[in-house]
Amino acid sequence: MARIIVVTSGKGGVGKTTTSASISTGLARRGHKTVVIDFDVGLRNLDLIMNCERRVVYDFVNVIQGEATLNQALIRDKRVDTLYILPASQTREKEALTREGVEKVINDLSERFDYIVCDSPAGIEHGALMALYYADEAIVVTNPEVSSVRDSDRILGILQSKSRRAEMGQDPVKEHLLLTRYNPDRVSRGEMLSVADVEEILAIPLLGVIPESQIVLNASNQGLPVILEEDSDAGQAYDDAVARLLGEEREHRFMSSQKKGFFSRMFKGG
Amino acid sequence: MSETAVSGVKQCFQLKSASVSMTALELYFFDDEEFESTLRDKISQAPGFFKDIPLIVSLEKYEGLSSELDFFKIIGTCRRHNIHVIGVRGGNDDQRRLARGASLALLPGGNQRDREIDTGPETESAEAIDSPAPPRVENHGEPAPARIINQPVRSGQQVYAPDGDLIILAPVQAGAEVLAAGNVHVYGPLRGRALAGIHGAEHARVFCQSLEAELVSIAGHYKISEDLQDNGWKTAVQIQLRDDLLVVTPLEKA
């Protein structure tokens with residue numbers, strides 16, 4: 001049985017797909033058979049970030065509607081061979097994701113994989129609800145600003161009330177907070193909420209803090225999960241998050257401004 | 001005219017939100033004679049209950065023709081039996097236009113659960129519904145059990161204790177709403193909206209460990225966040241109603 005992890009946030013543009021790509025890559029790199037599913041039907045992006053958009057033939061909706069088999073739709077990652085991608089359809093609507101259809105796909109994948117990472121669309125509508133319904137764990141991606149925190153709170157409420165675990169009265173979905181686009185300088189100037197602020201408001205355990213970085217954008221544009229940028233702070237922060245997800249204890253980094261560290265890394269790397 | 005605690009110029013009146021339990025007449029079709037005979041029959045079962053009650057006509061299950069709906073006749077018949085038709089609920093545009101023509105208030109269609117009113121010999125329950133005054137009938141049996149919530153109440157969630165107290169052992173987040181007929185206790189920060197005494201119990205109170213609320217209301221008297229910040233903000237407080245004013249007092253450590 002696979003562990004099913006949804007990457008969700010409520011708010012758009014906070015880094016769900018970036019996180020899905022890096023977390024799934026990180027899990028796969030540690031030898032776990034991992035599949036990442038793009039639930040953002042109609043606005044598919046995951047295949048771009050994973051650099052496999054030219055290899056998409058069949059998609060998630062095709063599989064649900066019986067037009068293709070899972071094997072036809074799954075794309076094997078070229079960099080990490082235990083990682084597969086199930087892309088979203090660009091031409092359908094989110095309603096094509098029926099509960100029964102999604103359940104069948106998840107069950108089938110569950111037999112073959114160790115981890116299923118579900119990349120949720122933004123919002124709290126059908127697509128997002130389908131992405132989180134079967135989850136065992138949730139990574140709630142949050143930016144350190146008020147509206148993102150509010151939306152994350154909303155999604156946490158939905159996880160507690162509308163997930164399969166909630167409906168069946170099982171143990172609740174395990175929640176993880178992942179703070180992205182964190183800029184310690186702006187926090188110290190009072191322009192952003194601090195880690196402590198967000199933790200205090202949302203009251204769930206912190207999985208990691210991903211610093212705001214140009215490298216994240218560059219990696220996305222190149223179709224490279226940022227976790228593979230091993231010299232970057234963002235890449236290392238994602239690697240820490242994956243380790244913690246697997247139960248390792250790792251100290252949190254990149255939470256305070258460290259100009260010096262930045263320069264020393266520059267010189268070392270250069 | 002008695003003095004109130006309200007300082008400054010005294011206004012002629014004050015508007016308050018009120019929620020009153022009322023009887024709805026669920027109309028399936030309308031025939032003047034049949035209406036009156038059915039009404040007479042119902043009243044004969046519990047004459048005291050129907051005396052001078054307000055009534056709303058619910059059209060949500062109305063199956064007859066709109067043209068057959070004669071609100072003037074309905075009002076007249078009810079009036080002869082000392083029942084005051086005050087408005088209609090639901091119905092299509094035509095039906096609502098007719099109701100408006102008869103000077104009836106228009107209430108939105110409800111998905112609220114209506115209880116079937118028992119007009120049997122038991123008058124005790126009927127009296128409880130009858131009493132339009134806010135204080136609930138004290139029953140001398142067991143108090144209504146408190147509803148206890150252990151998890152955070154998140155944005156968009158609503159928790160409701162329709163009969164008694166509501167006790168929350170976790171934060172109430174911004175954008176969440178907690179409501180109780182009795183007191184509201186929040187053993188955590190109260191960042192959302194808290195409404196105590198929603199059926200009109202003016203003795204109800206709100207307790208919280210950190211007052212950061214968007215709104216606090218007791219028996220329809222409310223204060224919004226802006227008006228709460230001067231007193232006890234982000235500290236442990238209780239809020240109660242005194243002379244129609246919400247009073248915030250710190251919770252002293254014993």
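Description of the structure in this document. Positions within a chain are numbered from 1, following the residues in the order the chain's sequence is written. Key to labels: chains lettered from A, ligands numbered from 1, both in the order written. Restriction of local features to residues with pLDDT of at least 70 applies here, the model being predicted, together with a cutoff of 80 or more for giving and counting side-chain atom pairs; totals for whole chains, interfaces and linings are based on all residues. Based on all heavy atoms of the structure, the side-chain values leave hydrogens and waters out of the count.

## Things to note about the pairing of strand β8 (residues 177–180) of chain B
Residues and elements named next belong to chain B.
- Burial along β8 is two-sided: the residues Glu177 and Leu179 and Val178 and Ala180 are all buried.
- Strands are labelled as partners when DSSP assigns at least two bridges between them. Put simply, DSSP marks the helices as runs of H or I at least four residues long and the strands as runs of E at least two long, and each gets a number from the N terminus on. In terms of strand pairing, strand β6 (residues 158–161) meets β8 through 4 bridges, oriented parallel. What sits directly across from glutamine 158, in β8, is glutamate 177.
- Note that β8 and strand β10 (residues 193–196) share 3 bridges and pair parallel. Directly across from glutamate 177, in β10, lies its bridge partner arginine 193. Only protein chains enter the accessibility calculation, which uses a 1.4 Å probe. A residue is then buried if its area is under 20% of the maximum for its type, exposed if over 50%, and partly exposed in between.

## Observations regarding the interface of chain B and chain A
- Across the boundary between the two partners, chain B contributes 11 residues, which contact 13 residues of chain A.
- Computed with a 1.4 Å rolling probe, the buried area is the accessible surface lost when two parts are put together, summed over both parts. Together, Arg154(B), Ser155(B) and Arg191(B) form the three largest contributors to the area buried by chain B at its contact with chain A, with a combined 51%.
- A carboxyl oxygen of Asp or Glu within 4 Å of a side-chain nitrogen of Lys or Arg is what we treat as a salt bridge. At the boundary of chain B and chain A, one finds 3 salt bridges.
- Arg154(B) is the salt-bridge partner of Asp153(A), the closest N and O atoms lying 3.0 Å from each other.
- Nitrogen and oxygen atoms within 3.5 Å of one another constitute a polar contact, given that in protein one can donate a hydrogen and the other can accept it, and given that sequence-neighbouring residues count only through two side-chain atoms. Between the two partners, chain B and chain A, sit 7 residue pairs in polar contact (both at pLDDT 80 or more).
- Considering only residue class, the side of chain B that touches chain A consists of 2 nonpolar, 6 polar and 3 charged. It only takes one pair of heavy atoms within 4.5 Å for two residues to be counted as in contact. When residue character is reported, Ala, Val, Leu, Ile, Met, Phe, Trp, Tyr, Cys and Pro are called nonpolar, Asp, Glu, Lys and Arg charged, and the others, Gly included, polar.

## Some points on the pairing of strand β1 (residues 3–8) of chain A
Residues and elements named next belong to chain A.
- With respect to burial, β1 is a largely interior element, 5 of its 6 residues being buried.
- Across 5 bridges, β1 lies against strand β5 (residues 115–119) in parallel orientation. From the neighbouring strand, arginine 3 faces β5, where its bridge partner is tyrosine 115.
- Taken together, the 4 bridges between β1 and strand β6 (residues 137–142) define a ladder with parallel strand orientation. Opposite valine 7, over in β6, you have isoleucine 139 as the bridge partner.

## Concerning the packing of aromatic side chains
Residues and elements named next belong to chain A.
- We call Phe, Tyr and Trp rings a pair once their centres come within 6.5 Å, taking the six-membered ring for Trp, and we label the pair stacked below 30 degrees between planes, edge-to-face above 60, and tilted otherwise. The final tally for this structure, using the stated rule, is 4 aromatic pairs over all chains.
- Arranged with centres 4.8 Å apart and planes meeting at 85°, the rings of tyrosine 133 and tyrosine 134 form a pair that is edge-to-face. Taken individually, tyrosine 133 and tyrosine 134 each receive the classification buried, so the pair is uniform in this respect.
- As a reminder, the over-ring test applies to NZ of lysine and CZ of arginine, requiring each to be within 6 Å of the ring centre and within 35 degrees of the ring normal. Over the aromatic face of phenylalanine 113 sits the side chain of lysine 33, whose NZ or CZ is 5.2 Å from the ring centroid.
- When the ring centre of tyrosine 133 is taken as origin, the NZ or CZ atom of arginine 99, which lies over that ring, is 3.9 Å away.

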